[in-house]
Amino acid sequence: MEPLDRSTVWPYDEHGEPREFVYQRYAHPTGAAAERALGRMEGGDALLYASGTSAATACVFAFCRPGMTVALAEGAYFGTGVTLGQFEPWGLKVVEFDQTGEPPAGADVLWLEAPANPLLTLPDWAAVRAHPGLVICDATVATPVFLHALDEGADVALHSATKYLTGHSNAMLGATVTRDPGRTKALYDARLRLGLAASPDSAAALLHGLETLEVRVRRQTETARELARRLEDHPAVLRVRYPGFGGLIAFDVADARTVETATKLIANQTSLGGVSSSMESRWRWEGDRIPRGLLRLSVGLEDAEALWADLAAALDRPSS
Ligand code: PLP
């Protein structure tokens, strides 16, 4: 394993010149090793950040200018819209669009999410490729196991590595992957100058997480497919959204609070992508942009029958 180096500073060489690593905010050995590993998996140049939100912030500073319009996928992670909204006082315009259809013609940047969290829609890649704007694709939920966003037409693949890539709910981390050296440099400069760098500990968590990523997400998919199928048949479930891959399912019930507080194996908490299953009502965060009864289930690595028994018992609980 790459040794974890928490140094913030490294000595110059015998001529007084900088070596590969100088000061942690620029780059550090554990981060560089993790970036190489993720870059190999995605087929591009990876950069790590303190969180997925930091990665999004770097994208705005690197690629957006006052007067530009960002078209954001509807039903994508609600925090991305909130983050983009922070830039409206600086002249950024943000519009939402249905990513399953044509993107808005005049948009300078298309901000996709594949699949969108929590509505689990996928972009129309042919329509995206026909659009002249810069394309950023948040591929957190798909992971590189199920999607190579750069091959589909994205210019930047973005991840909240806090989720599946590290996979154990023990590290905050973001990533971008690009193929154009100019874009990589713009992102690197934004990271450096805005102080968005990832910690060595989180980078080490990524190195560990990537070693098991594929077996984790394939097993989560197998379980999620089965749970989605059974949820479809359950009389208390009004609608199931599942894109056919990955560990995230969104389903609607009449009373989300009753169901989310009734499970015992599945933790009632936010976030996703860990080895332990979790579920929450998203309405508490997102309000009426999503159905009030929507529950988002992040399927972990527990036994599928045990998960179904827990879910079925919660769905059968009478409303309080
Ligand atoms: N993108 C998606 C799809 C997310 O689900 C999240 C967080 O939930 C983020 C980005 C933001 O990531 P972070 O919480 O690591 O800042």
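Residues numbered from 1 in each chain as written. Predicted model: local features only at pLDDT ≥ 70, side-chain atom pairs only at ≥ 80, totals over all residues. Heavy atoms only, no water.

Counting across every chain of the model gives five aromatic pairs. Ring centres of Trp 10 and Phe 21 lie 5.8 Å apart, and the angle between their planes is 50 degrees; this geometry places the pair in the tilted category. On the criterion of sequence distance, the pair formed by Trp 10 in the segment before helix H1 (29–42) and Phe 21 in the segment before H1 is long-range, its members being eleven residues apart. The exposure class of Trp 10 is buried, given its relative accessible area of 15%. When the centroid spacing of 5.4 Å and the interplanar angle of 40 degrees are considered together, the rings of Phe 146 and Phe 245 count as tilted. In this pair, Phe 146 is assigned in helix H5 (residues 143–146) and Phe 245 in the loop between strand E8 (239–241) and strand E9 (248–252), connecting sequence segments 99 residues apart. For Phe 146, a relative accessible area of 24% corresponds to the partly exposed category. (Phe/Tyr/Trp six-rings, centres within 6.5 Å; stacked < 30°, edge-to-face > 60°. Helix = DSSP H or I, 4+ residues; strand = E, 2+ residues; numbered from the N terminus. Buried < 20%, exposed > 50% of the residue type's maximum accessible area, 1.4 Å probe, protein only.)

What tends to happen in soluble globular proteins is that the nonpolar side chains get buried as a cluster. Leu 38, Leu 48, Leu 112, Trp 125, Cys 137 and Leu 147 are the most contacted members of the largest nonpolar core, which totals 44 residues. When residues of this core are assigned to their parent elements, the largest contribution, six residues, is made by helix H8 (residues 200–232). The two domains that each donate at least three residues to this core are domain 1 (29–212) and domain 2 (213–315). Here Cys 137 is in contact with Leu 112, Ala 114, Trp 125, Leu 147, Ala 149, Ala 154, Val 156, Ala 157 and Leu 158, once residues within four sequence places are set aside. Listed in part, the 26 residues of the second largest apolar core include Ala 56, Phe 63, Leu 84 and Val 109. (Core = buried A, V, L, I, M, F, W, Y, C linked by side-chain atoms within 4.5 Å. Domains from an automatic or database assignment. Contact = heavy atoms within 4.5 Å.)

Turning our eyes to something else, we now look at the pairing of strand E4 (residues 109–113). Regular strands place side chains that alternate from one sheet face to the opposite one. The element E4 is largely enclosed, with a buried count of five among its five residues. Here E4 shows two buried faces, one formed by Val 109, Trp 111 and Glu 113 and the other by Leu 110 and Leu 112. Pairing geometry for strand E2 (residues 69–73) and E4, over three bridges, is parallel. Bridge assignment links Leu 72 to a residue of E4, and that residue is Trp 111. As paired elements, E4 and strand E5 (residues 134–138) share five bridges and run parallel to each other. Across the sheet, Leu 110 pairs through a bridge with Val 135, a residue of E5. (Pairing = 2+ DSSP bridges.)

Pairing is mixed across the open sheet formed by five strands, whose spatial order is E8-E9-E12-E11-E10. Because the sheet does not close on itself, it has two edges, and the strands there are E8 and strand E10 (267–268). Where strand E11 (residues 278–281) and strand E12 (residues 294–298) come together, four bridges link them in antiparallel fashion. Residue pairing in the sheet places Ser 278 in a bridge with Ser 298 of E12. The strands touched by H8 are E8, E9 and E12; relative to E9, the strand with the most contacts, the crossing angle is about 10 degrees. (Axes fitted to C-alpha atoms, helices over the stretch in contact; angles between N-to-C directions.)

Attention now goes to the domain arrangement of the protein. Splitting the protein by domain gives domain 1 (29–212) and domain 2 (213–315). Counting residues at the interface gives 29 residues for domain 1 and 31 residues for domain 2. Interface area, domain 1 with domain 2, both sides summed: about 2,400 Å², of which 66% is carbon and sulfur. Counting the surface domain 1 buries against domain 2, the share from its top three residues, Phe 78, Phe 146 and Tyr 164, is 29%. At the junction of domain 1 with domain 2, the criterion picks out one salt bridge. The residue Arg 289 makes a salt bridge to Glu 96 at a minimum N-O spacing of 3.3 Å. Here domain 1 is connected to domain 2 by twelve residue pairs in polar contact (both at pLDDT 80 or more). At the level of secondary structure, the elements contributing two or more residues to the side of domain 1 that touches domain 2 comprise H5 and H8. Among the residues making up the side of domain 1 that touches domain 2, the classes are represented as 17 nonpolar, nine polar and three charged. (Buried area = accessible area lost by both parts, 1.4 Å probe. Salt bridge = Lys/Arg side-chain N within 4 Å of Asp/Glu carboxyl O. Polar contact = N/O pair within 3.5 Å; in protein donor to acceptor, adjacent residues only side chain to side chain. Nonpolar A, V, L, I, M, F, W, Y, C, P; charged D, E, K, R; others polar.)

Scanning all chains against the criterion turns up 20 salt bridges. A salt bridge links Asp 252 to Arg 241, with the shortest nitrogen-to-oxygen separation between them at 2.9 Å. In this pair, Asp 252 sits in strand E9 while Arg 241 sits in strand E8, placing the two residues eleven residues apart along the sequence. Look at Arg 241 and you get buried, because its relative accessible area is 8%. A salt bridge links Glu 260 to Arg 284; the shortest N-O distance between them is 3.2 Å. Remark: Arg 284 occurs in helix H10 (residues 283–286) and Glu 260 occurs in helix H9 (residues 256–260); sequence separation between them is 24 residues. Salt bridges linked by common partners bring Glu 96, Arg 257, Glu 260, Glu 280, Arg 282, Arg 284, Glu 286, Arg 289 and Arg 296 together as one network.

Strand order in the open sheet formed by seven strands is E1-E7-E6-E5-E4-E2-E3, with mixed pairing between adjacent strands. Of all the strands in the sheet, the pair left with one neighbour each is strand E1 (45–49) and strand E3 (93–97). Here the average twist between neighbouring strands, direction ignored, is 20 degrees. In this structure, E1 lies alongside strand E7 (residues 174–178), joined through five bridges in antiparallel fashion. Looking at the pairing, Tyr 49 lines up with Gly 174 of E7. Across the face of the sheet, helix H2 (residues 52–63) comes into contact with E1, E4, E5, strand E6 (156–160) and E7 while running at roughly 150 degrees to E6.

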